Amino acid sequence: MIEFRDAGFAFEGSRASVIEHISLSVGEGERVCVVGPVASGKTVLAELAANLRQPTQGKVVAKGATGYVAHDPRAATVSELVYDEVAFGPRCAGFDRKKVKARAMGALGVCGIRYLAHRSMLELSAGEQILVRLASEIALRPDHLVLDDIFALLDSVAVKDVAVLVDDMVER
């Protein structure tokens, strides 16, 4: 569960809040879609949910680990090869080589992109990059997954593919 309790956020030095007085509870298996105009605070809300920012008012509480996939997958890329990108989190978590491989290959399989394991991240389409970012988070097995406008760079075919994958993940 992720719970916002009268949460708000303002950037340091700003008089205006980006968001304020948000109270919301998201339970296990629930999906929430936040919509609004550009610069309305959607990304800040997502970053608060993923514990990447701390609220300047109220509280945000998440039970368990929360994964986060940003709208621009290139911003979080740390490795050249797809396999290394997906294995990065489990390696950092201290898993042994066998478990890292199992987690990485399993996550690539869930996302239907095992065939990309030895490809360069630089060669991938935006849709493939989003799937790699999803696999990277899935490899860590978070309790919650926050997806921040992940369809922004995708064509209509990729949007459908990623939406089906997300639906399947929620139903598991």
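Here the structure is shown first, and the text comes after it.
I will try to describe carefully the structure that is included in this document. (Residues numbered from 1 in each chain as written. Predicted model: local features only at pLDDT ≥ 70, side-chain atom pairs only at ≥ 80, totals over all residues. Heavy atoms only, no water.)

Some remarks on the sheet that holds strand β1 (residues 2-9)
- Reading across from one edge, β2-β1-β3 is the order of the 3 strands in this open sheet, with antiparallel pairing throughout. Here the strands that pair on one side only, and so sit at the sheet edges, are β2 (19-26) and β3 (57-62). Taking each pair of neighbouring strands and ignoring which way they run, the sheet shows an average axis angle of 15°.
- For β1 and β3, the ladder comprises 5 bridges, and the chain directions are antiparallel. Bridged to Ile 2 within β3 is Ala 62. (Pairing = 2+ DSSP bridges. Helix = DSSP H or I, 4+ residues; strand = E, 2+ residues; numbered from the N terminus. Axes fitted to C-alpha atoms, helices over the stretch in contact; angles between N-to-C directions.)

Focus: the packing of aromatic side chains
- A complete count under the given rule lists 1 aromatic pair for this structure.
- An angle of 90° between the planes, with centres 5.0 Å apart, marks the rings of Phe 9 and Phe 11 as edge-to-face.
- Take Phe 11: its relative accessible area is 38%, and that puts it in the partly exposed class. (Phe/Tyr/Trp six-rings, centres within 6.5 Å; stacked < 30°, edge-to-face > 60°. Buried < 20%, exposed > 50% of the residue type's maximum accessible area, 1.4 Å probe, protein only.)

Focus: the packing of helix α2 (residues 82-92) against helix α3 (residues 97-110)
- One can describe the packing of α2 onto α3 by two numbers: an axis separation of 9 Å at closest approach and a directional angle of 125°. Considering their axes alone, α2 and α3 lie oblique with respect to each other. In this structure, α2 meets α3 at a crossing whose hand is right-handed. On the side of α2, the interface is formed by Val 82, Tyr 83, Val 86, Ala 87, Pro 90 and Arg 91, while α3 contributes Val 100, Lys 101, Arg 103, Ala 104, Met 105, Ala 107 and Leu 108. (Parallel < 35°, antiparallel > 145°, perpendicular 65-115°, else oblique. Left-handed = near helix turned anticlockwise from the far one by under 90°. Contact = heavy atoms within 4.5 Å.)

Details of the packing of α2 against helix α4 (residues 126-138)
- Close contact between α2 and α4 brings their axes to 7 Å; oriented N to C, the two are set at 30°. As far as their axial angle goes, α4 and α2 are roughly parallel. Relative to α4, α2 is oriented so that their crossing is right-handed. The segment α2 lies against α4, with Val 82, Glu 85 and Val 86 engaging Val 132, Arg 133, Ala 135 and Ser 136.
- Looking at the contact of α2 with α4 residue by residue, the class counts come to 4 nonpolar, 1 polar and 2 charged. (Nonpolar A, V, L, I, M, F, W, Y, C, P; charged D, E, K, R; others polar.)

On their own, these measurements won't tell you what the molecule is for.
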